[in-house]
Amino acid sequence: MNRLAWLRRSAAILAGALIMNAALAADAPVGVKIPAHQRFVLPNGLTILLVPKKEVPLIAFSGFVRGGALADPAGKPGVASLVAGLLDRGAGKRSAFEFADAVEGVGGSFNASAGAESISVSGQFLARDRALMIELLADALMRPRFDADEFAKYRDREIEFIKSAKDSDPSQLLPEYGRAMLFGSHPYGRPQGGSERSLAAITQSDVVSYHAANFGADRATLVFAGDLDPKWMKQALTQAFRGWAKSKSTLPRLEAAPRASGRRVLLVDAPGSVQTYFWLGNVGVDKRYSGRPALDLVNTLYGGRFTSILNTELRIKSGLSYGASSVFVRGTVPGQFEIHSFTQTENTGKALDLTLETLDKLKHDALEPAMLESARAYVLGQYPLRLETAAHWASTLADLEFYGLGKDYIEGYGPALTRVDLAETAAVTADAFPRSTDLQIVLIGDASKIRDMAAKYGPVTEMKLSQPDFVPAQK
Amino acid sequence: MSRVSWVASGCLLWSLAVAGVAATPAKPAPATRVPGADQVHATTLSNGMKVIVWTDRDIPNVALYNWVRVGSRNEVPGITGLAHFFEHMMFNGTSKRQPGEFDRQMEAQGGANNAFTSDNVTVYQDWVPRSALDLVFDLEADRLANLSFDPKVIESERGVVYSERRLRTEDSNEGFLFEQVQATAFVAHPYQFPTIGWPADIQGWKIEDLQSFFKTYYAPNNCTLILVGDVSAEEGFALAKRYLEPIPRQAPPPPVRTVEPEQLGEKRVYVERNALTPLMYLAYKSPAANDPQGPAINLLVSILTEGDSSRLHRLLVEEKKLAIEVGGSFQEGFDPGLTWLTLTLPEGADVAAVEKVLDDALAQVVSQGVTDAELARAKNLYASTFWKQLATINGKASLLGSFEVFEGDYQKLFDSPATYERVTREDVQKAAALVFQKNHRTVGVLTAPAEEAAAPQAAPATEAAP
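Here the residue index of a chain counts from 1 through its sequence in written order. Key to labels: chains lettered from A, ligands numbered from 1, both in the order written. In keeping with the model being predicted, local features are shown solely for residues with a pLDDT of at least 70 and side-chain atom pairs are shown and tallied solely at 80 or more, while totals for entire chains, interfaces and linings include all residues. Heavy atoms throughout the structure, all of them, feed into the side-chain values; hydrogens and water do not.

Undergrad: How do you make sense of the overall build of chain A when you look at a structure like this?
TA: Check the secondary structure of chain A and you find 18 helices and 13 strands. Its C-alpha radius of gyration of 23 Å places chain A within 12% of the 23 Å reference for a compact globule of 475 residues. The principal-axis extents of the C-alpha atoms in chain A amount to approximately 60 × 55 × 45 Å. Residue contacts follow a heavy-atom distance rule, with two residues in contact if any of their heavy atoms lie within 4.5 Å. A separation threshold of at least 6 residues defines the contact pool for chain A, and within that pool the share at least 24 residues apart is 83%. Only the protein chains shown count as covering a residue, and every accessible area follows the Shrake-Rupley method with a 1.4 Å probe. Working note: accessible area of chain A is about 16300 Å², and carbon and sulfur atoms make up 53% of it. A positive count includes Lys and Arg, and a negative count includes Asp and Glu. His and the chain ends are not counted in either. A charged residue contributes its charge at one atom only: NZ of Lys, CZ of Arg, CG of Asp or CD of Glu. Side chains of chain A give 54 positive and 51 negative charges; the mean places of these two sets differ by 3 Å. Put simply, DSSP H or I for four residues or longer makes a helix, DSSP E for two residues or longer makes a strand, and each gets a number counted from the N terminus. With C-alpha atoms as the basis for the radius of gyration, the globule rule is written as 2.2 Å multiplied by the number of residues raised to the power 0.38.

Undergrad: I'm lost on the pairing of strand β3 (residues 61–68) of chain B in this one. Help?
TA: Two faces belong to every sheet, and in a regular strand the side chains alternate between them. Burial runs high along β3 of chain B: eight of the eight residues are buried. Classification of residues uses two cut-offs on accessible area relative to the type maximum, computed with a 1.4 Å probe and protein chains only: under 20% is buried, over 50% is exposed, and between them is partly exposed. Burial along β3 of chain B is two-sided: Asn61, Ala63, Tyr65 and Trp67 of chain B facing one way and Val62, Leu64, Asn66 and Val68 of chain B facing the other are all buried.

Undergrad: Would you mind showing me how to read the confidence of the model for chain B here?
TA: For any part of a model where pLDDT is low, the fine detail of the predicted coordinates should not be relied upon. All names here are of chain B. Note on scores: pLDDT gives the predictor's confidence for each residue, bounded by 0 and 100. Counting all residues, the mean pLDDT for chain B is 90, and 89% of those residues have values of 70 or more. Predicted confidence for residues 1–31 stays below pLDDT 50, and this span has 106 contacts to residues more than four positions away or in other chains. pLDDT under 50 marks residues 452–466. Its contacts with residues more than four places away, or in other chains, come to 26 contacts. Model confidence for the complex: the whole-complex pTM is 0.92, and ipTM, which rates the interface, is 0.92.

Undergrad: How should the pattern of salt bridges be read in this particular structure?
TA: Proximity of charged atoms lets side chains of opposite charge pair with each other. All names here are of chain B. We define a salt bridge as a contact between a side-chain nitrogen of Lys or Arg and a carboxyl oxygen of Asp or Glu at a distance within 4 Å. In total, this model carries 59 salt bridges over all chains according to the counting rule given. In this structure, the salt-bridge partner of Glu404 is Lys50, at a minimum N-O distance of 3.1 Å. Taken as a pair, Glu404 in helix α15 (residues 393–406) and Lys50 in strand β2 (residues 50–55) lie far apart in primary sequence, 354 residues in all. We classify Glu404 as buried; its relative accessible area is 6%. Arg314 is the partner of Glu319 in a salt bridge, and the nearest nitrogen-oxygen pair spans 3.5 Å. On the basis of relative accessibility, which here comes to 48%, the residue Glu319 falls in the partly exposed class. The exposure class assigned to Arg314 is partly exposed, which follows from its relative accessible area of 33%. Bridged by salt links that share partners, the residues Glu266, Arg268, Glu355, Asp359, Lys438 and Arg441 form one connected network.

Undergrad: Can you walk me through the sheet that holds strand β9 (residues 325–330) of chain B in this structure?
TA: The strands making up a sheet are joined through hydrogen bonds of the backbone, oriented either antiparallel or parallel. Residues and elements named next belong to chain B. Pairing in this open sheet of five strands is mixed, and the strands run β7-β11-β8-β10-β9 from one edge to the other. Edge positions in the open sheet fall to β7 (267–272) and β9, since each of these has one partner strand only. Across the sheet, the mean angle separating the axes of adjacent strands is 15° when strand polarity is ignored. Strands in contact with helix α11 (residues 294–305) are β9 and β10 (337–344); relative to β9, the strand with the most contacts, it is inclined by about 175°. A pair of strands is treated as paired once DSSP finds two or more bridges between them. Convention adopted: a line fitted to C-alpha atoms gives each axis, helices being fitted over their contacting stretch, and angles between N-to-C directions are expressed from 0 to 180 degrees.

Undergrad: I would appreciate a short explanation of the sheet that holds strand β8 (residues 264–269) of chain A in the present structure.
TA: Residue and element names in this part refer to chain A. Spatially, the six strands line up as an open sheet ordered β10-β11-β9-β12-β8-β13, and their pairing is mixed. Since the sheet does not close on itself, it has two edges, and those belong to β10 (324–330) and β13 (460–464), each with one partner. Strand-to-strand, the axes of this sheet are offset by a mean angle of 20°, without reference to chain direction. In this sheet, strand β12 (residues 440–445) lies alongside β8 in parallel orientation, the contact comprising six bridges. Bridging across to β12, Val268 finds its partner in Ile444. Helix α6 (residues 174–183) rests against β8, β9 (275–283), β11 (334–344), β12 and β13 of the sheet, and its axis sits at about 35° to β9.

Undergrad: Can you help me understand the packing of helix α6 (residues 151–170) of chain B against helix α7 (residues 173–185) of chain B in this one?
TA: Geometrically, a packed helix pair is captured by the angle between its two axes and the distance between the axes. Residues and elements named next belong to chain B. The geometry of α6 relative to α7 is characterised by a closest axis approach of 6 Å and an angle of 90° between their N-to-C directions. Classified by the interaxial angle, the pair formed by α6 and α7 is roughly perpendicular. Of α7, the residues touching α6 (which contributes Arg165, Arg168 and Thr169) are Gly175, Phe176 and Glu179. Side-chain classes follow a simple rule in which Ala, Val, Leu, Ile, Met, Phe, Trp, Tyr, Cys and Pro form the nonpolar group, Asp, Glu, Lys and Arg form the charged group, and the remainder, Gly included, forms the polar group. Counted by class, the contact of α6 with α7 contains one nonpolar, two polar and three charged residues. For classification purposes, an angle smaller than 35 degrees is called roughly parallel, one larger than 145 roughly antiparallel, one from 65 to 115 roughly perpendicular, and anything else oblique.

Undergrad: Help me out: how do you make sense of helix α14 (residues 390–403) of chain A in this one?
TA: Along an α-helix, residues three or four apart share an orientation, since each turn contains 3.6 residues. Residue and element names in this part refer to chain A. Between the first and last C-alpha of α14 there are 20 Å, a value that for 14 residues agrees with the 20 Å anticipated at 1.5 Å per step. Taking burial as the measure, the 14 residues of α14 include ten buried ones, the bulk of the element. Among the residues of α14, those classed as buried are Ala390, Trp393, Ala394, Thr396, Leu397, Ala398, Leu400, Glu401, Phe402 and Tyr403. Residue Gly404 follows α14 closely and has a positive phi angle near 65°. Expected span, for any helix, means 1.5 Å times one less than how many residues it has.

Undergrad: I'm lost on the nonpolar core in this one. Help?
TA: Residue and element names in this part refer to chain A. Each nonpolar core is a collection of buried residues, namely Ala, Val, Leu, Ile, Met, Phe, Trp, Tyr and Cys, held together in the definition by side-chain atoms within 4.5 Å. Judged by nonpolar contacts, the single largest core of 86 residues is most densely connected at Leu141, Tyr177, Phe224, Phe241 and Trp244. Among the elements that take part in this core, helix α4 (residues 130–142) stands out by supplying nine residues, more than any other. If we ignore the near neighbours within four places in the chain, the residues touching Trp244 are Asn44, Leu46, Val65, Leu141, Met142, Phe215, Gly216, Ala217 and Ala220. In terms of nonpolar packing, the next biggest core, distinct from the first, is built from 64 residues, Val298, Leu372, Ala394 and Tyr457 among them.

Undergrad: Honestly, the interface of chain B and chain A in this entry has me stumped. Any pointers?
TA: Taken residue by residue, the interface counts 102 residues in chain B and 87 residues in chain A. Summed over both partners, the accessible area lost on bringing two parts together, with a 1.4 Å probe, is the buried area. Buried area between chain B and chain A, summed over both chains or domains, comes out near 8200 Å², and the portion from carbon and sulfur atoms is 57%. Across the chain B-chain A interface, the total number found is nine salt bridges. Polar contacts, as used here, are pairs of N or O atoms within 3.5 Å; protein pairs need one atom able to donate a hydrogen and one able to accept it. Residues neighboring in sequence count only if both atoms are side-chain atoms. Our count for the contact surface shared by chain B and chain A stands at 37 residue pairs in polar contact (both at pLDDT 80 or more). A per-element tally of the side of chain B that touches chain A places α6 of chain B first, with eleven residues. For the side of chain B that touches chain A, a count of residues per class yields 39 nonpolar, 37 polar and 26 charged.

Undergrad: Looking at this structure, I do not really get the confidence of the model for chain A. What am I missing?
TA: Of the residues in chain A, 93% reach a pLDDT of 70 or more, and the chain-wide mean stands at 93. A low-confidence stretch, residues 10–30 of chain A stays under pLDDT 50, and its non-local contacts, those more than four residues away or across chains, total 66 contacts.

Undergrad: In this structure, what is going on with the packing of aromatic side chains? I would like to understand it.
TA: To describe a pair of aromatic rings, you give the distance between the ring centres and the angle between the ring planes. Two rings from Phe, Tyr or Trp (for Trp, the six-membered ring) form a pair when their centres sit within 6.5 Å of each other. Planes less than 30 degrees apart are called stacked, planes more than 60 degrees apart edge-to-face, and all others tilted. For the structure on display, the rule yields 35 aromatic pairs over all chains. Geometrically, the ring pair formed by Phe241 of chain A and Trp244 of chain A is tilted, given 6.0 Å between the ring centres and 40° between the ring planes. For the pair Phe241 of chain A and Trp244 of chain A, one class covers both residues: buried. Each ring, one from Tyr65 of chain B and one from Trp127 of chain B, has its centre 6.3 Å from the other, and the planes form 85°; the classification is edge-to-face. Placement of the pair is Tyr65 of chain B in strand β3 and Trp127 of chain B in strand β5 (residues 122–129), with a sequence separation of 62 residues. The pair formed by Tyr65 of chain B and Trp127 of chain B is uniform in burial state, with each residue classed as buried. Feature note: the residues Phe86, Phe91, Phe102, Tyr124, Phe149, Phe213, Phe214, Tyr217 and Tyr218 of chain B constitute an aromatic cluster, connected by ring pairs. Over a ring means this: the NZ of a Lys or the CZ of an Arg is within 6 Å of the ring centre and within 35 degrees of the ring normal. A cation over a ring is seen here: Lys234 of chain A above Phe40 of chain A, with NZ or CZ 4.7 Å from the ring centre. Over the ring of Phe97 of chain A we find Arg314 of chain B; its NZ or CZ atom is 3.3 Å from the centre of that ring.

Undergrad: Help me understand the packing of helix α2 (residues 79–86) of chain A against helix α8 (residues 204–214) of chain A in this model?
TA: Residues and elements named next belong to chain A. At a minimum axis separation of 9 Å, α2 and α8 run at an interaxial angle of 80°. Taken together, the axis directions place α2 and α8 in an arrangement best described as roughly perpendicular. Between α2, through Val79, Ala80, Leu82, Val83 and Leu86, and α8, the contact on the second element is made entirely by Asp206, Val207 and Tyr210. A breakdown of the residues in the contact of α2 with α8 according to their chemical character gives seven nonpolar, no polar and one charged.

Undergrad: What's the story with the environment of Val365 of chain B in this structure? I'm lost.
TA: Its location among the elements puts Val365 of chain B in helix α13 (residues 351–368). The class for Val365 of chain B is buried, based on a relative accessible area of 0%.

Structure, rendered in structure tokens:
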């Protein structure tokens, strides 16, 4: 933790630009091509992609094992997240310390985390350490130890990290409360990292069983990009992974969650807080949404860049907040559209009213042609920065593999953006953005000061920030 | 989701802590000069502004960074936070452009921007498609030459900055303790000021403060312009001459005269706030960025705190289970500053016990030094981070700027792997002896108020540490 620098704008604003997954050079709108690569599937079903890209002497990898939080046992959210975190805390012939030392000793990195539908792995090693990289990756995926002591230590720390976030950055927990409220018992409503309470109930055998049932070659894809020799890599990877069995369970089916109608408010009491952190959301669109190019342009204008409608109202014109943004989270089935901002406790009502007004304006007013052109130039101009490095390409290609999207998802995106017209933007605005009267609202703040005001926006449920779940206690 | 505190960590300045050369623990590779030096060209405009261009045509974009040598270190009581507030005001209108036009025009041509302020510098960053090069020079020159202040916009931006302070300091235990330790560590030097500013100062700035700040510090001869990407040196220099050279040179800003007197005993600061997880931050007086011992201090901090195999993580988090997270940083600036060790503790932790174990571990580094394997590990982590930075136009612009501004010569960037490779175990031990002096440190502890700590929290069914 350090606080050397103060930024002009929050991460969320810049992240708005990050959510769109395609590339384009402004000078050459059809210019971005997926780099030449090899793709092959081992007899056990493991899919491997190799992308040679020599610029710096590094190899990046990015991959996934299908399942993620979706495969968590009933009533135990957080199992997949613990599995992910424990993959490198002891694997193969190495203890947790020996594994970390092997990775860091050569200046490498290894990360694993659980998402709603998969466990992802990523990392980067110096090219000369390619053999060690493959050995460590194979150990972590196929032979994690899940030692009892490491399990308990890691689980207990994860619980403490949630408390630590409550102490120092409650706004990062908003989506946990929001998704739980919006999706309810649907898998997207589960806290992917678990809650303090759910983590405490998870045992070592839950983790071992999850891995045994869900980790298998046929569920996995690995992408390597960088300073690599495809022939050598193919041979070494085949050798390392050919003994991986197929998975022993079937993936749970994921149904689309219905959109919520009407408004509800969850007030999370953080006594003494001087600001209210708020989140408004509803179910949005999925990864294959046909109106994606138009929707990306409209969300850029609404809450995806600095001069967006939201940030203009809440920050630039009123000075109410350091930042306001919106995003569509898109999965196999529709994830959430969410708005996120914060303001001084006393101004909570004013900021919420303005937020709702911006949504009304978006839904009711026609987009000006100049706005559309500006958004188009912005998305086209910023895109190449997300597809610059080998690591960018590894994660982008893994994403395409996960959702079964063709190369047109990347290469056709630019041309599609150039074709978007006002009729399309009007159509996706009507279809994908919720009405201001259909929103689930989460407020984290000092309840004694905003309780009465909150009731203006819908029926209020209240809980304490210190409660060990992301949903109010069941009656 | 990344934590806001990480976002605020000024990765650009950390680039100084990150260089090295490919080397296995057993057999360090010979340190060679990093390739690329021949693609970098520099010139100094007649008004004193240095312009550095690194051509990299991998993507059709350009990163333009303007490094201004001003930060909260140039402030005085009453105007703390002004350097950062000024950074915000640089986007809010000129005599030629209305407030908001800067962003609107840049985004409409496909560009994005940001800026950050630290104790030492203020850096303006633009990322644009090469088709917007003319515009971005026009915008940058306009705000350097013609900045104007609209009283209404000042009031609105004051609210924005206060909201940023509430987010990162007042509603954050980490931010709050950091500010308290920093303010306690220095008795004289302006490094004691929080860069975001004290609340009363945020509310008190006047338009005249901004005007005089602009006149004093935003001289072209106090700026360094970095261009990296799809642009040739000839193009970059020509644009700089056309747009920026007409801005007249000014008298150089007055130097920071105050030298922090030697600290002659440990200082402690306690904070009681609502807290589930206690915090312990230690700040040790340390040399300036350009000190010859800088590389050894960076490697020392890496050995102690970087990654799960680092010494303090292994001891405090994995073996003793006394902390849930350990961090460290050598805060490099123009003047002698601080080296930080930051510990997040589990609920109910025995703070005194943690400190004892930590002190013993630090004493051991001072008396016995580090191992060859630990040093090789730190050098390798340094090398890979360095290469990752060189893979983007953003990272290259950060490295060029930080070496030019803090080390006095961007060319040192290309020698830095060799510089780090030369650091020995003895150098690291000497650095430990220099930095880890109890008489030179400030210890900050944040816990819940006593009566609240005694009351049962709504805790999950795990055992808290005794």
